[in-house]
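Here's the letter readout for the chains.
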Amino acid sequence: MNIFRKIYCRVYQAMFRMVLPFLPYRKPFILSDNEHIVRILKRDKFDSVIIVTDKGIRNLGLTKALEEAIAKANIKLCVFDGTVPNPTTENVNEALELFKSNKCQAIIAVGGGSAMDCAKAMGALVANPKKTLAQMKGILKVKNKLPDLFAIPTTAGTGSETTLAAVITDSKTRHKYAINDFPLIPKYAMLDASLTVGLPKSITATTGMDALTHAVEAYIGQSTTKSTRADAKAAVKIVFENLTTVYKDGSNIIARESMLFAAFKAGCAFTKSYVGYVHAVAHSLGGKYNIAHGLANAIILPYVLKKYGKSVQKKLWELGVYCGLFDKSVSKAEGAKLFIEKIEDMNKFMGIGNTIEQIDEADISELARLADKEANPLYPVPKLFSAKELETIYREVKFGL
C-alpha cells in the first residue's frame, strides 16, 4: 500500500478511536427465558410480533416453546423461516412484507448470525422506509430507531446478539456488505444453552471458531479499549478451554453455556474494536461462493495472522500467556507461532480443512478489491495491506501454501 493511502487509513482510524468513548454503544438486556420475553411483550402492549428464523431451526423445534408461550399470551405471531445462509436482499424484503402485512411491532430473531442479520436488516428497512439496504451499507447510515429487537442465538459463534452489524448479500450482484450502526444492537438477548445442544458437530466447530476469530481480531487491532481487551482475552480463553469439549460431547451443558458466554464476550469486544482482514476476505468468499462465514473465518485466520508477522507477535504472545499455552519465558516470536499452531491444531481436530478450493483464480483480483474496499480505511488492522497484497492470501487459502 502506498504511503499516502496508509496515512489516510491511519488518520481515519485515529479519528474513530478518539470518538470511541463518546459513541452510544450499549449491551442488550439479558433475558432469562421465554416467559421473560412474553412479560416484556405484554408490558409494552405489543399485540403482533414476528419471529425471524430459518427452516432448519424451526424443524428442530427450537422455536416451538416460544411460539406456544406467545400464543398463550394472546399475542398475534407470524414466523418468517425463510432465512438462508448469507441472507440476501431478496430474503430481507420477503421478511419485511410479512412484517408489514401483519402490522408487527417487535422482532424476535432466533438462530445463528444469518437469522439475526436478516432480522436486523429488516428492522433497518422498517425504520428507514425510504432507503434501500445498499444505501445503508457502511457505517452510521441507519440512524433511526428499530422496532424492539429480541435476539436468541442458537449457535455460540457470531455474537450477533450484541453487535451493531448486519451482513447482507446483494441478490443480483452477490456482493456481500456490512451495515453498521448503533440502532442495530438488539435491545434484548436470551442466552439459553439448551438451544445449542442439538447442533451438528460441524456447526459447533465452525461457529466456535467464528467466536475465536472475533475475539482475536478485536484484540490485535489498533482501536482497543481496556474493556474490549478484557472481553477479547476472556473469550479466547473460554474457547480454547471449551470448544473441543463440546465438539466431542455436544450434551455437555456447562461447556455449551461457556461457549455462549464466549461468543457474547467476543461480540462485545469486536462491536467496539472492529475486526480485520480475516472478515473482509471471508465476507467476499461468502458472497461469491456462499461459503459459511464461520468456516471461512476458521480457515483464513491462521493465514492472516502469519501474514501480519511481527506486528502481532506481542499481542498473540499476551493471549497465549493469558490462556496458559506457555509461560512468559517463551519469546514473543515463538509464542505467536505456538498460538497460531494452537488454532491450526483445533481446526484439524474438528475436521476443518486448511483450504477453500472453490476459489477461482479468475475471481481473485475482484475478491481482493472487495475485501480492500470493505477493510480500508475502516478496520484498524495491525498492518495495512493493499488489494494486491490481499490477493496472496486468497491464493494461500486456495492452495494451502
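Colleague: Give a detailed account of the sheet that holds strand 7 (residues 165-169), specifying residues and quantitative values.
Modeller: In a beta sheet, neighbouring strands pair by backbone hydrogen bonds and run either parallel or antiparallel. Taken in spatial order, the three strands line up as 5-8-7 in an open sheet, and their pairing is mixed. The open sheet has two edge strands, strand 5 (138-139) and strand 7, and neither has a second partner. Looking at chain direction, strand 5 and strand 8 (residues 176-180) are connected through two bridges and run parallel. From the neighbouring strand, G138 faces strand 8, where its bridge partner is I179.

Colleague: A description of the state of the cysteines should follow, citing residues and the corresponding values.
Modeller: The term disulfide refers to a covalent linkage connecting the sulfur atoms of a pair of cysteines. Per the stated rule, a full pass over the model turns up zero disulfides. In this structure C78 is not part of a disulfide, and its nearest cysteine sulfur, from C104, lies 3.5 Å away.

Colleague: Describe the environment of V236, naming the residues involved and giving the relevant values.
Modeller: With respect to the helices and strands, V236 occurs in helix 8 (residues 226-248). A relative accessible area of 0% places V236 in the buried class. Sequence spacing of V236 and F46 is 190 residues, and the spatial spacing of their C-alpha atoms is 39 Å. Here V236 is in contact with L212, A215, V216, L319, C323 and F339, once residues within four sequence places are set aside.

Colleague: I'd love a proper account of helix 5 (residues 89-101), names of residues and values included.
Modeller: The end-to-end C-alpha distance of helix 5, which contains 13 residues, comes to 18 Å, matching closely the 18 Å that a straight helix rising 1.5 Å per residue would cover. For helix 5, the set of buried residues is T89, N91, V92, A95, L96 and F99. When helix 5 is viewed along its axis, its buried side chains cluster within an angular range of 155° and face the same direction. The secondary structure elements touched by the buried residues of helix 5 are strand 2 (48-52), strand 3 (76-80), strand 4 (106-111), helix 6 (113-127), strand 7 and strand 8.

The rules behind each value
- Residues numbered from 1 in each chain as written.
- Predicted model: local features only at pLDDT ≥ 70, side-chain atom pairs only at ≥ 80, totals over all residues.
- Heavy atoms only, no water.
- Pairing = 2+ DSSP bridges.
- Helix = DSSP H or I, 4+ residues; strand = E, 2+ residues; numbered from the N terminus.
- Disulfide = S-S within 2.5 Å.
- Buried < 20%, exposed > 50% of the residue type's maximum accessible area, 1.4 Å probe, protein only.
- Contact = heavy atoms within 4.5 Å.
- Expected span 1.5 Å × (residues − 1).
- Arc of directions from axis to C-beta.

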